[in-house]
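Spelled out from the first residue to the last, the chains are:
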Amino acid sequence: MPRKLKHWLLSLPIALLLALGSGCGTSIVDSGEKTDYSIQGAFIIDPNLESNPVSRSSKVAIRFKLDGGVVSTAEITFGGRTLNFECCQHCLDSLHWLANDSTYVHANTERQIILTDGTSFSDTLTAIIPDSFTITNVVPGNHLIQGSGQASLEWSGSTRAEAYVMAAVLADSAYTGYGYSAYTAELITSGTIPPEAFSLSPGPDPDTGLYNLYVYAIAGAPDITLANVLLPVPLPSQLPDNVIERDLVGRLGSVTVTLLDTVRVTQQP
């Protein structure tokens, strides 16, 4: 039975407002008329999907619009590779898309995103991608939560990360749009997932079963409409736009996911 979505926002680091650098933006033709291009994008690295025969562990999804309409004929490259325009991909309409199984080939890098709309517009943005990292400790040590309890996590830290998100979801509900997620305070590499994440909603009673635990390293401002379809647990909230130029506005960002860990929640004996 589907579970209710549980999202709590703990804190939002100021650094996220400056999360993804952009530059080299120039219009090839300046007709004197105002054009309004917009971009929404997300790049996801998720090693939990590396052996999945259907999904891919490395994905980039970008929606590029002019005056509110999708520019399907635009050419968009990410790290030198051309994205394909897809009318429908992962239940998402009208986006430029690229996926592969080279899980960490882009980790701990900066990649250029080049946008070209014929002879009317060209711009280059720089995407920052956090490095791979791991969950190093889970408390309770036996990975068993009896009744209304919490789980504390420690992780190794990710180079280029600008924020972290902790996430928990019943194992059979991962990648379905459900679960708990929260930003951690500042760039600390530890945090606690509260009892509410493992409870029936509403109410304090535990929602028993096996839970997957994840930590996300965030850089930039990933578009949640795109990212949440691709992540095991949705992000807590949309971060502010970080692409603000004369002819182009919007948001872009990256998410690197840890390999999952688990806890099992049971009723009190």
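Going by the structure above, here's the rest.
The following paragraphs examine the structure supplied in this document. (Residues numbered from 1 in each chain as written. Predicted model: local features only at pLDDT ≥ 70, side-chain atom pairs only at ≥ 80, totals over all residues. Heavy atoms only, no water.)

### Concerning the overall build of the chain
- Counting secondary structure elements, the chain contains one helix and 22 strands.
- Each of the 269 residues in the chain was classed as buried or not, and the buried ones make up 49%.
- Considering only residue pairs separated by 6 or more positions, the chain has 73% of its internal contacts joining residues 24 or more positions apart.
- A total accessible area of about 11,700 Å² is found for the chain, and carbon and sulfur atoms account for 52% of it. (Helix = DSSP H or I, 4+ residues; strand = E, 2+ residues; numbered from the N terminus. Buried < 20%, exposed > 50% of the residue type's maximum accessible area, 1.4 Å probe, protein only. Contact = heavy atoms within 4.5 Å. Areas by Shrake-Rupley, 256 points an atom, 1.4 Å probe, with all protein chains shown as cover.)

### Concerning the side chain of S199
- Positionally, S199 belongs in the loop between strand 17 (190-193) and strand 18 (209-220).
- The exposure class assigned to S199 is buried, which follows from its relative accessible area of 7%.
- Separated by 3.0 Å, the side chain of S199 and the backbone oxygen of E196 make a polar contact. (Polar contact = N/O pair within 3.5 Å; in protein donor to acceptor, adjacent residues only side chain to side chain.)

### Focus: the environment of S237
- Among the structural elements, S237 can be located in the loop between helix 1 (224-230) and strand 19 (243-244).
- Of the residues examined, S237 reaches a relative accessible area of 22% and is grouped as partly exposed.

### Brief notes about the packing of aromatic side chains
- Summed over the entire model, instances satisfying the criterion amount to seven aromatic pairs.
- With a centroid separation of 5.3 Å and an interplanar angle of 10°, the aromatic rings of Y37 and F64 are classed as stacked. Residue Y37 is located in strand 3 (residues 37-45), and its partner F64 is located in strand 4 (residues 58-66); the two are separated by 27 residues in the primary sequence. An identical accessibility class is assigned to Y37 and F64; each is buried.
- For the pair W155 and Y164, a centre-to-centre distance of 5.6 Å together with 65° between the ring planes defines the contact as edge-to-face. (Phe/Tyr/Trp six-rings, centres within 6.5 Å; stacked < 30°, edge-to-face > 60°.)

### Remarks on the pattern of salt bridges
- Applying the stated criterion to the full structure yields four salt bridges.
- Between D241 and R251 there is a salt bridge; the shortest N-O distance is 2.9 Å. In this pair, D241 sits in the loop between helix 1 and strand 19 while R251 sits in strand 20 (residues 248-251), placing the two residues ten residues apart along the sequence.
- Of the charged contacts, one joins D247 and R246 as a salt bridge, the two residues approaching to 3.2 Å between their closest N and O atoms.
- Beyond isolated ion pairs, a larger network of salt bridges with shared partners links D223, D241 and R251. (Salt bridge = Lys/Arg side-chain N within 4 Å of Asp/Glu carboxyl O.)

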